Amino acid sequence: MTRADKHPGRLMASESAEALGVFCRAARQPVDGDAIETPKAIYTIARGSSDAAANILSYEFMRELRVPMTSLPPSVFSLGKGVKLDGVAALVISQSGASDDLVRSAKGAQNAGAQVLAITNQPDSPVEAQAGITVPIDAGDELAVPATKTVIGAVAAGMALLSAMKPAYRARATGAAELLANCNPQHPQAASLQSALLRARHVYVIGRDTGYGAAHEVALKLKECCAIHAEAYSSSEVLHGPLQLATNPLMVLILDTGDAAIQDSLDQAEARFRGTDCDVHRISPNDLDFYGLVPGAAAALLLAVMYPIILNTALALGLDPDAPQTLSKVTQTI
């Protein structure tokens, strides 16, 4: 029996508690912008929680740089012959930097003409060896299978990278980091959210902009830690075919980053789901008296709020979130 078995959730609890401190350090680190060529597009290459962080960052980068940024599946390189990437940047995000398909993707992107950038937590990793520039997460060891502090740290490292590419953004990124450094991410409705999750069998996690990437991460953690069926949707897409599932018992969790531009979309989705008698909950940084955070930081804060709730839900279900039964820390995929 391992120490994690004797103390279920101990690792996830301690690591998620470090997450906003990691965010603060990673967002404020200097990155050499002179070494980065201005790309005509950016492709992210990642899996799992790292892909959720990439989704969050894509909205932040597109808003600030006004260049397209979207996900490129690693299988393009691990199974296929690659694609032409002249004049673009490939951003590989990997906590371990060791997954073979991501290493092959980094090498393949470089050979295809891309400027390869990396965000990793493990120094001197195989992914870093293939990258021209690596921005470290510097979260320290993460032993629980569900990634927490490295996900939030990856968002912050991406914000530091964006600061190097657009220096005017740096003050907003570092300002948010300073605000969150000493934040206690205890949501005032944590108990009611946990109760709702314990009742739930199907959950929609809804966001918009950077909140959409956060929704993907929360949905993944609910599956990973609690074995609860959860799906992430943009508030603009969920009102199409997926709305029909609201005719069955459904919990809806709306992640609101507080950005004024997304309020109408979230309000509309909330009203439609409440109108079908769904169990609807909406959380925002405003609930913790944080207003006007840059959207990437707001998404990171929402994750920091949700991790303890998911942890406690898993424990209440008799599960050990540190070591989900079917999962391992590093997953080798093809």
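Here, every reference points to the structure presented above.
Residues numbered from 1 in each chain as written. Predicted model: local features only at pLDDT ≥ 70, side-chain atom pairs only at ≥ 80, totals over all residues. Heavy atoms only, no water.

### Re the sheet that holds strand E3 (residues 89-94)
In spatial order, the strands read E2-E1-E3-E4-E5; together these five strands make up an open sheet with parallel pairing. Each edge of the open sheet carries a strand with a single partner, namely strand E2 (69-71) and strand E5 (133-136). Averaged over all neighbouring strand pairs, the angle between strand axes comes to 20 degrees, with direction disregarded. With six bridges joining them, E3 and strand E4 (residues 115-120) adopt parallel strand pairing. Following the sheet pairing, Ala89 is matched in E4 by Gln115. The strands touched by helix H4 (residues 48-65) within the sheet are strand E1 (42-45), E2, E3 and E4, with E2 carrying the most contacts at an inclination of about 165 degrees. (Pairing = 2+ DSSP bridges. Helix = DSSP H or I, 4+ residues; strand = E, 2+ residues; numbered from the N terminus. Axes fitted to C-alpha atoms, helices over the stretch in contact; angles between N-to-C directions. Contact = heavy atoms within 4.5 Å.)

### Focus: the pairing of strand E8 (residues 251-255)
In terms of residue burial, E8 counts as a mostly covered element, since five of its five residues are buried. By the alternation rule, side chains of E8 split into Met251, Leu253 and Leu255 and Val252 and Ile254, which are all buried. Note that strand E6 (residues 202-207) and E8 share four bridges and pair parallel. Within E8, the residue paired with Ile206 across the bridge is Ile254. (Buried < 20%, exposed > 50% of the residue type's maximum accessible area, 1.4 Å probe, protein only.)

### Some points on the packing of aromatic side chains
One pass over the full model with this rule turns up two aromatic pairs. Ring plane angle 65 degrees and centroid distance 4.9 Å describe the contact between Tyr204 and Tyr233, whose orientation is recorded as edge-to-face. Within this pair, whereas Tyr204 is found in strand E6, its partner Tyr233 is found in strand E7 (residues 229-234), the two being separated by 29 residues in sequence. Residue classification places Tyr204 among the buried residues on the basis of a relative accessible area of 1%. Pairing Tyr204 with Phe273 gives two aromatic rings, centres 6.0 Å apart and planes at 85 degrees, and the pair type is edge-to-face. One end of the pair, Tyr204, is in strand E6; the other, Phe273, is in helix H12 (residues 263-275), and 69 residues separate them in sequence. The pair Tyr204 / Phe273 is uniform in exposure class, with both members buried. Linked through ring pairs, Tyr204, Tyr233 and Phe273 together constitute an aromatic cluster. (Phe/Tyr/Trp six-rings, centres within 6.5 Å; stacked < 30°, edge-to-face > 60°.)

### Some thoughts on the environment of His216
Positionally, His216 belongs in helix H11 (residues 210-226). The sequence separation of His216 and Ala53 amounts to 163 residues, and the corresponding C-alpha distance is 9.0 Å. Look past the residues within four positions of His216 in its chain and what remains in contact with it is Ala52, Asn55 and Ala232.

### What about the pairing of E7?
Sheet topology places E6 next to E7; six bridges connect them, and they run parallel. Within E7, the residue paired with His202 across the bridge is His229. Where the polypeptide runs from E6 across H11 and back to E7, its parallel neighbour, the crossover connection is right-handed. (Right-handed = clockwise from strand over helix to strand, strands pointing away.)

### Description of helix H10 (residues 190-199)
Of all the residues in H10, the buried ones are Ala190, Leu193, Ala196 and Leu197. Burial along H10 is one-sided: seen end-on, the buried residues are contained in an arc of 125 degrees. Residues of H10 that are exposed and point over 90 degrees away from its buried face: Ala191 and Arg199. Contact partners of the buried residues in H10: E6, H11, E8, strand E9 (279-283) and helix H13 (295-316). (Arc of directions from axis to C-beta.)

### Examining the pattern of salt bridges
Side chains that carry opposite charge are capable of pairing whenever their charged atoms lie near each other. What the rule picks out here adds up to 14 salt bridges. One salt bridge connects Glu270 with Arg274, and the closest N-O pair in it is separated by 3.0 Å. Highlighted residues: Glu270 and Arg274, both in helix H12, separated by four residues, approximately one helical turn. Glu270 gets classed as buried once you look at its relative accessible area, which sits at 15%. Note on Arg274: relative accessible area 43%, which makes it partly exposed. Note that Glu270 and Arg282 form a salt bridge whose closest N and O atoms lie 2.6 Å from each other. (Salt bridge = Lys/Arg side-chain N within 4 Å of Asp/Glu carboxyl O.)

### Some details on helix H2 (residues 10-17)
Turning to H2, its buried residues number three or more, namely Leu11, Met12, Glu15 and Ser16. Along H2, the residues classed as buried sweep out an arc of 115 degrees about the axis, all on the same side.

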